[in-house]
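# Topology and contacts: notes
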Amino acid sequence: MAFTAAQLAKNLERIRTIALALPEATEEITWGTDLNFRVRKKIFCFPGQGGSICVKADKDELPALLEDPRCRPAPYLARGGWIVLDFGAPIDWDEVRELIHTSYCLIAPKTLAKLVEPA
């Protein structure tokens, strides 16, 4: 789906709100222009330009996610269990929140992951 610049900006803001609400989450720009969200310097979410997200998936959920036509293995990161979810219309923000929370919990230290409410 093609999004307008305003829609992409709105999507990024919603992703930012979800990600930065997590304990010790930070936002960084790396490799020149790539926005990413981190916990203690480890990346847990790449939101791209706002039309998709790249996150680490739970290994038990990975096969089902990859059967969804909106999901694909993440370039360069697939062997680590990372996927890209391309947004469609309408965007299921509960699903996005769950994927971001899962990725965070897989990346964050256990003490921080325990603080996250199930999505």
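Above this text you will find the structure in question.
Please read all numbers here as calculations on a predicted model, not as lab measurements.

### A closer look at the sheet that holds strand β2 (residues 34-39)
- Overall, antiparallel pairing links the six strands, which are arranged β1-β2-β3-β4-β6-β5 in an open sheet. Looking along the sheet, the strands with just one partner apiece sit at the ends: β1 (25-30) and β5 (71-73). For this sheet, the mean angle separating the axes of adjacent strands, direction not counted, is 35 degrees.
- Strands β1, β2, β3 (42-46) and β4 (52-56) of the sheet are contacted by helix α1 (residues 5-20), whose axis makes an angle of about 15 degrees with β2.

### As for the side chain of Glu 95
- Mapped onto the secondary structure, Glu 95 falls in helix α3 (residues 93-107).
- A polar contact is formed between the side chain of Glu 95 and the side chain of Arg 70, at a distance of 2.9 Å.
- Not counting residues up to four positions away in its chain, the partners in contact with Glu 95 are Asp 68, Arg 70 and Leu 85.

### Topic: the pairing of β4
- Within β4, four of the five residues are buried, which leaves the element mostly enclosed by the surrounding structure.
- Once β3 ends, the chain turns through five residues before running back antiparallel as β4, passing Gly 48 with a positive phi of about 55 degrees.
- Relative to strand β6 (residues 82-86), β4 is paired through five bridges, and the arrangement is antiparallel. When the sheet's bridge partners are listed, Ile 53 is paired in β6 with Leu 85.

### Side note on the packing of aromatic side chains
- In total, this model carries three aromatic pairs according to the counting rule given.
- Pairing Phe 44 with Tyr 104 gives two aromatic rings, centres 5.2 Å apart and planes at 90 degrees, and the pair type is edge-to-face. With Phe 44 in strand β3 and Tyr 104 in helix α3, this residue pair connects regions lying 60 residues apart in the sequence. Taken as a pair, Phe 44 and Tyr 104 share a single burial class, namely buried.

Conventions we followed
Residues numbered from 1 in each chain as written. Predicted model: local features only at pLDDT ≥ 70, side-chain atom pairs only at ≥ 80, totals over all residues. Heavy atoms only, no water. Pairing = 2+ DSSP bridges. Helix = DSSP H or I, 4+ residues; strand = E, 2+ residues; numbered from the N terminus. Axes fitted to C-alpha atoms, helices over the stretch in contact; angles between N-to-C directions. Contact = heavy atoms within 4.5 Å. Polar contact = N/O pair within 3.5 Å; in protein donor to acceptor, adjacent residues only side chain to side chain. Buried < 20%, exposed > 50% of the residue type's maximum accessible area, 1.4 Å probe, protein only. Phe/Tyr/Trp six-rings, centres within 6.5 Å; stacked < 30°, edge-to-face > 60°.

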